[in-house]
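# Structural characterization, general
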Amino acid sequence: MEFERQIAIGDIHGCYGLTVDLVENVIKFDPERDQLIFIGDYIDRGTESAMVVRYVEELKNKYSAQIVLLAGNHEYLAYNAFKYRTAEMFQLWIINGGVTTIDSYEGVENANRYENAQKHLMPFVEQLEFYYETKTHIFMHGGIPLGETIETAKKNSLLWERSYDKYRGKDIIVGHTPHKHVTKYTNAVVIDTGAVFYGKLSAYDPINNKIYETINSNPRPGQKA
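First things first, this report covers the structure right here in the doc.

Here is what the cut-offs are and how they apply
- Residues numbered from 1 in each chain as written.
- Predicted model: local features only at pLDDT ≥ 70, side-chain atom pairs only at ≥ 80, totals over all residues.
- Heavy atoms only, no water.
- Pairing = 2+ DSSP bridges.
- Helix = DSSP H or I, 4+ residues; strand = E, 2+ residues; numbered from the N terminus.
- 1 Å grid on protein atoms, 1.4 Å probe; cavity = no way out; pocket = protein on both sides within 12 Å on 5 of 7 lines; lining within 4 Å.
- Points joined across faces, edges and corners; volume = space filled by probe spheres on them.
- Nonpolar A, V, L, I, M, F, W, Y, C, P; charged D, E, K, R; others polar.
- Buried < 20%, exposed > 50% of the residue type's maximum accessible area, 1.4 Å probe, protein only.
- Lys, Arg positive; Asp, Glu negative; His and termini not counted.
- Salt bridge = Lys/Arg side-chain N within 4 Å of Asp/Glu carboxyl O.
- Polar contact = N/O pair within 3.5 Å; in protein donor to acceptor, adjacent residues only side chain to side chain.
- Contact = heavy atoms within 4.5 Å.
- Expected span 1.5 Å × (residues − 1).
- Bend = angle between axes of the 7 residues up to and from the residue.

### Brief notes about the sheet that holds strand S4 (residues 131–133)
Pairing in this open sheet of five strands is mixed, and the strands run S4-S5-S6-S8-S7 from one edge to the other. Each edge of the open sheet is held by one strand with a lone partner, namely S4 and strand S7 (183–184). Note: strand S6 (residues 171–174) against strand S8 (residues 188–190), three bridges, orientation parallel. Its bridge partner being in S8, Val174 is matched across the sheet by Val190.

So this is what it looks like as structure tokens:
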């Protein structure tokens, strides 16, 4: 299927309102001509992670060929906490915003919310891809380590890498590291504009070299990804 627009959407981090506004009002997603590639980090820090996950899953179920869901490091922080159940894994997720994700799931008691989060998030994460490649670009959450290729890089590196400024290879589109605006490097475009920190969720269409953005006037403070 040939797309007229191929739009990568940056790190959402539980910002449901921004996501819906960007997809439906700014981008005006048209499944007859568009492909949306979500770059990962749907959850954590923002207060509506459960709603975000449900929204992108519904898009994927309705428009399978037009929607690409990639994994972010935060999805695997949650997944590893659920899977391995060690204090270290759980604490790592919690200090990186996991509490807001658990709280976004239904349940009167904390234990119930944790169980509901696990029930919904584990199968969601298991369906996510680590990268998506076209003739001209590779989309992933983090990046490709120096000296590696998409074939040789470890999956964990694709989630966590930040060396895109020195990367040389097929152009990549990544998130993971918040920038004040969509930033273009020699062979990379970074589209994470800190939705939960700066209140701006951004997207980029490499076919038409076009940026899409929506802004929330009340972001929460913070810096790390």
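### Topic: the layout of surface pockets
Of the voids in this model, the largest pocket is the one considered here, and its volume is about 260 Å³. Taken together, the residues that form the lining of the largest pocket break down as five nonpolar, five polar and two charged.

### Structural notes on the side chain of Asp44
Tracing the backbone shows Asp44 in the loop between strand S2 (34–38) and helix H2 (49–62). Within the buried core, Asp44 has no salt-bridge partner, and the shortest N-O distance to an opposite charge, that of Arg45, equals 6.7 Å. Among the polar contacts listed, one links the side chain of Asp44 to the side chain of Trp93, at a separation of 3.0 Å. Of note is the side chain of Asp44, whose polar atom sits 2.5 Å from the side chain of Thr101. For Asp44, the residues in contact, after removing those within four places along its chain, are His13, Gly14, Ser49, His74, Trp93, Asn96, Gly97, Gly98, Thr100 and Thr101.

### Notes on the pattern of salt bridges
Tallied over the full model, the rule gives six salt bridges. Here Asp34 and Arg5 are joined by a salt bridge, their closest N and O atoms 2.6 Å apart. Of this pair, Asp34 sits in strand S2 while Arg5 sits in strand S1 (residues 5–9), and the two are 29 residues apart along the sequence. In this structure, Asp34 and Arg5 share a single accessibility class: buried. With a shortest N-O distance of 3.4 Å, Arg113 and Asp103 are connected by a salt bridge. Highlighted residues: Arg113 in helix H5 (residues 110–126) and Asp103 in helix H4 (residues 87–103), separated in sequence by 10 residues. Using a relative accessible area of 14% as the deciding quantity, one classes Arg113 as buried.

### Some points on H4
Relative to the 24 Å expected for 17 residues at 1.5 Å per residue, H4 spans just 19 Å between its end C-alpha atoms, considerably shorter than the ideal helical length. The largest bend along H4 reaches roughly 85° and is located at Gly97. Those residues of H4 lying buried are Trp93, Asn96, Gly97, Gly98, Thr101 and Ile102. On the buried face of H4, the contacting elements are H2, helix H3 (73–84) and H5.

Such coordinate-based values are descriptive only and should not be taken to indicate function.
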